[in-house]
Structures are given as C-alpha cells and as structure tokens.
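This is what each chain is made of:
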Amino acid sequence: MENRFPNGEYPVMLTPFTEENEVDYDALEKLVEWYIQNGVAGLFADCQSSEMFFLTLEERVEIARAVKKFAAGRVPVVASGHVSDRLEDQVEELNAIAKTGVDAVILLTNRLAEKESSEAEWLEHLKRLLDRLPQDIPLGFYECPYPYKRIISVENLKWCADSGRFYFIKDTSCDLACIQAKLEAIRGSRLKLYNANTSTLLESLQMGAAGFSGVMANFHPQLYAWLCRNYDRKPQEARLLADFLTISSLIEKQVYPVNAKYYQQMIGNFNSIQTRVKDAALLNDTGRLEVEQLCRLQDYFAEQYLPQKNLRRENVMRAAEGISA
C-alpha cells in the first residue's frame, strides 16, 4: 500500500530558545535548513527532544507550523505535541496540530492508557480518540520514554496497520526480537517503522525497518542518512560506521539536550544552549570537551563517507574557540 513518507532519517528536533527562554524561530529555521542539507528524509517536530512537555500548546502549534513552513515541501514533517492525560484535552491538542498542515500527527503510546492499564484498555482509548480526529490526516506513534515507556503490543500495532490510518511508528523498544515481530505485523500495510535506537539500527534496517528517528541526528545526521541509504549496498562500510555511531551515541547520557544545543551553537545554528528541561550550567568544561572530541571523530568519518559534504573540522573547532573565548 502507498506510503507518502520516504525511508531514511527523521531527526527528533531540538527547540532553540533565546537566553530569555523564548522560542528562537530564526535559529529554528537554520536548524531545519541544516537537517535538510545533511540529507534527512523528513523531520519530527514537537517530540521529547523538542521539550514538548515544557512547551505550551500555543508554542507546540506554532513550532509545528513554522517547521512545515521552513521545510517548504522539501521533506515531510511529522509532529506530536500530544502531552495531556484526559481524552478531551488530547482531542484539542491533536486537532490543533493537525490544522498546522503537518504531514502526519504522531500519538504518544503512553498517553493512551495508564501504566497499569491493559492492552484492551489502551486500544479502547485509541478507538475513542480516532473517532474525534480528522479521517484524512495521516497518523503515527511514538513510544515516548517519558513519563513512562509503553511499547505498543504486536496485536495492537497490527490492528492499527490494518485500519489504514497509520503511516509512521518511532520504535523505542531497543529490542531486535520486538522489532522483528512488529515488522511482520505491519508487512503489506502503509505503516513504516523507524528505529530510535542506534545499537540495533543496522540490524533493523536489514530486517526491513524504514529508517532512523533518534537523538543523535542532532549531531551527525549526514552519517545516519548515509547508513540508511547504503546499509545493503556497502555492508562492510556500513558495519564500521554503525559501530562508530553506537559508541558515539553514549553521549546521549551526558546532559542531553544541553550538549546537543552546544554543538548546534558551535556550528552557528543556535545563539543559546538554554533549555527548559535541564539547567544549561550542568554542561561543564568536561562535557564541552566531550562534544568537541565527538566533532573531530564524526568529521573524520564524514571525510571518509561523504567528503564533498563534510563541514571541515577546523571551521567547527574555530567556532568552538570563539564560544569559549
């Protein structure tokens, strides 16, 4: 069945803020352009990396609208912004996001039931929600880890695939057996699976996953884009790159998203590393060094895999020196 969303990489987008903690739309436009120039297949706005639980509904709506405008039809834009507990509030949120013109509205699996609720209760809530959403808007799922992670069951995912309304799932199971079962459940439907986990990414692509949608696309999207395009044509190079990407992804555990915003500041996209989820001061000198060291390594791999597109290391490090001065 037709799916209008291409295979490849869908970065979970950051939200740039000013020093006054307001959304910085000039920086957001630069970020969108940077993702697209680095070969992404689409964009995922209003997600956890976007700090959606710390954005007002008005901000979530305006960010989705702005990203869609900045993308200008070059790549599809999917967006969530679905943070509430009550059904009525979810209906309001999701319909507001749908009106922005994004290409798909993404539902958080953990918003559809309490942690202790059964799979049957989860599906019943989803059915009631679907009745209140536009029939023509493509939908998707995000197994968001906050406030708790709910991995969609294979049976419920198959029901969703068979409904014909779902196109996208961001899988966060980090489990190849689970991913394989999901891929079998959605085979032949228009629903595609995008893996959020780097450690299992290469194997999941070989199984039939459509691509990557994870945190580290905020550091080196060009390398993930290469892997998604070439994993089957250049298996030896893909294995080496996947191993590097897995080890480098450990930086996710080091004051993210502040460190990602520091990187974006280094390359000239962001004016501030302000976040609403963490104190920017938590990124100490050692944390900054780690980002700078990652820059050198990722530039080395970019020189090997994408020499014509690589942002030269000396330019990045010169920017870092300017920030530190």
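Throughout this document, residue positions are counted from 1 along each chain, in the order its sequence is written. Reporting of local features is limited, given that this is a predicted model, to residues whose pLDDT is at least 70; pairs of side-chain atoms are given and counted only at 80 or more, and all residues count toward the totals for whole chains, interfaces and linings. For the side-chain quantities, the full set of heavy atoms in the structure was used; hydrogens and water were omitted.

K.L.:
Any chance you could break down unusual backbone geometry for me, citing the residues and the numbers?
P.N.:
Of note, the amide linkage connecting Y146 to P147 takes the cis form, showing an omega dihedral of 0°. Residue P257 follows Y256 across a cis peptide bond; omega there is 10°. The phi torsion at E51 lies on the positive side, around 65°, for a residue other than glycine. Every helix listed is a DSSP run of H or I at least four residues long, and every strand listed is a run of E at least two residues long, numbered separately from the N terminus. Its place among the elements puts E51 in the loop between β2 (43-45) and α2 (57-71).

K.L.:
I'd like a description of the pairing of strand β5 (residues 139-142), backed by residues and values.
P.N.:
Regular strands place their side chains on alternate faces of the sheet. For every residue, the accessible area (1.4 Å probe, protein chains only) is compared with the maximum for its type, and the residue is labelled buried under 20%, exposed over 50%, or partly exposed between those bounds. Of the two faces of β5, the one lined by L139 and F141 and the one lined by G140 and Y142 are each fully buried. Crossovers are marked right-handed if the path from the first strand over the helix to the second runs clockwise, as seen with the strands pointing away from the viewer. Assessed by its sense of winding, the connection that carries the chain from strand β4 (residues 104-108) through helix α4 (residues 119-130) to β5 is right-handed. Relative to strand β6 (residues 166-171), β5 runs parallel, the two sharing 4 bridges. Counted as the bridge partner of Y142 is K170 from β6. Between β5 and its parallel partner β6, the chain crosses via helix α5 (residues 154-163), and the hand of that crossover is right-handed. DSSP-based pairing: two strands are paired if at least 2 bridges between them are found.

K.L.:
Quick one: what's the story with the side chain of T15, residue by residue and with numbers?
P.N.:
If you trace the backbone, T15 turns up in the loop between β1 (8-9) and α1 (25-37). Taking the relative accessible area as the measure of exposure, T15 reaches 2% and is therefore buried. In what follows, residue pairs with any heavy atoms lying within 4.5 Å of each other are defined as contacts. Other than its neighbours up to four places away in sequence, T15 contacts V23, S49, S50, E51, L55, I63 and K261.

K.L.:
Could you give an account of the packing of helix α9 (residues 235-248) against helix α11 (residues 285-305), with specific residues and numbers?
P.N.:
Simply put, an axis is a line fit to the C-alpha atoms, just over the touching stretch for a helix, and the angle between two N-to-C directions goes from 0 to 180 degrees. The interhelical angle for the contact between α9 and α11, taken along N-to-C directions, is 165°, at an axis separation of 12 Å. Judged by the angle between their axes, α9 and α11 are roughly antiparallel. By crossing handedness, the relation of α9 to α11 is classed as left-handed. Here E237, L240, L241, F244 and S248 of α9 lie close against α11, whose contacting residues are L294, L297, Q298, F301 and Y305. Across the contact of α9 with α11, the residue classes tally to 7 nonpolar, 2 polar and 1 charged. Roughly parallel refers to an angle under 35 degrees, roughly antiparallel to one over 145, roughly perpendicular to one between 65 and 115, and oblique to any angle outside these ranges. With the far helix as reference, a near helix turned anticlockwise by less than a right angle produces a left-handed crossing, and one turned clockwise produces a right-handed crossing. When residues are grouped by polarity, Ala, Val, Leu, Ile, Met, Phe, Trp, Tyr, Cys and Pro land in nonpolar, Asp, Glu, Lys and Arg in charged, and all others, Gly among them, in polar.

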